[in-house]
Amino acid sequence: QVQLVESGGGLVQPGGSLRLSCAASGSIFRLATMYWYRQAPGKQRELVAYITSGANTNYADSVKGRFTISRNNAKNMVYLQMNSLKPEDTAVYYCKVVDLGTHYWGQGTQVTVSS
């Protein structure tokens, strides 16, 4: 059974930074692509970034140049460093992994960008 636990969210002023963490259980981590999604109130969940097992990364256009995804396979952790935050980045952020066709999600962590 795969379990994902996000942490690191909070309230930050525009222009500030936060680092989200996702702790993953299960032996698939080293081989799996890890994803960060977000869902703002009244909006659909959207892909923010992903990182492959070989550390190739991809970002949504809205976060390119501001967010950085990384992973530590020894610790089964994936991170999302978020800089130059904007009010429109306010959302619940989720990490996700796919194993044998099943999508596993964490419980999410709230990020609020407001002055």
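Now for a description of the structure that goes with this document.

## Brief notes about the pattern of salt bridges
The tally for this structure, following the rule as stated, stands at four salt bridges. The closest approach of N and O atoms between aspartate 89 and arginine 38, which form a salt bridge, is 2.9 Å. Here arginine 38 lies in strand β4 (residues 34-39) and aspartate 89 lies in the loop between β8 (77-82) and β9 (91-99), a separation of 51 residues in the sequence. This pair shows no difference in class: aspartate 89 is buried, exactly as arginine 38 is. One salt bridge in this structure joins aspartate 89 and arginine 66, with 2.7 Å as the shortest N-O distance. Of this pair, aspartate 89 sits in the loop between β8 and β9 while arginine 66 sits in the loop between β6 (57-59) and β7 (67-72); the two residues are 23 residues apart in sequence, bridging distant segments of the chain. With respect to burial, aspartate 89 and arginine 66 carry one shared label: buried. The network of salt bridges with common partners includes Arg38, Glu46, Arg66 and Asp89.

## Overview of the side chain of arginine 66
For arginine 66, a relative accessible area of 9% puts it in the buried group. Among the polar contacts listed, one links the side chain of arginine 66 to the backbone oxygen of serine 62, at a separation of 2.9 Å. Side-chain polar atoms of arginine 66 contact the backbone oxygen of serine 84, separated by 3.0 Å. Residue contacts for arginine 66: discarding those within four places in its chain leaves Gln81, Met82, Asn83, Ser84, Leu85, Lys86 and Asp89.

Definitions and limits used
- Residues numbered from 1 in each chain as written.
- Predicted model: local features only at pLDDT ≥ 70, side-chain atom pairs only at ≥ 80, totals over all residues.
- Heavy atoms only, no water.
- Salt bridge = Lys/Arg side-chain N within 4 Å of Asp/Glu carboxyl O.
- Helix = DSSP H or I, 4+ residues; strand = E, 2+ residues; numbered from the N terminus.
- Buried < 20%, exposed > 50% of the residue type's maximum accessible area, 1.4 Å probe, protein only.
- Polar contact = N/O pair within 3.5 Å; in protein donor to acceptor, adjacent residues only side chain to side chain.
- Contact = heavy atoms within 4.5 Å.

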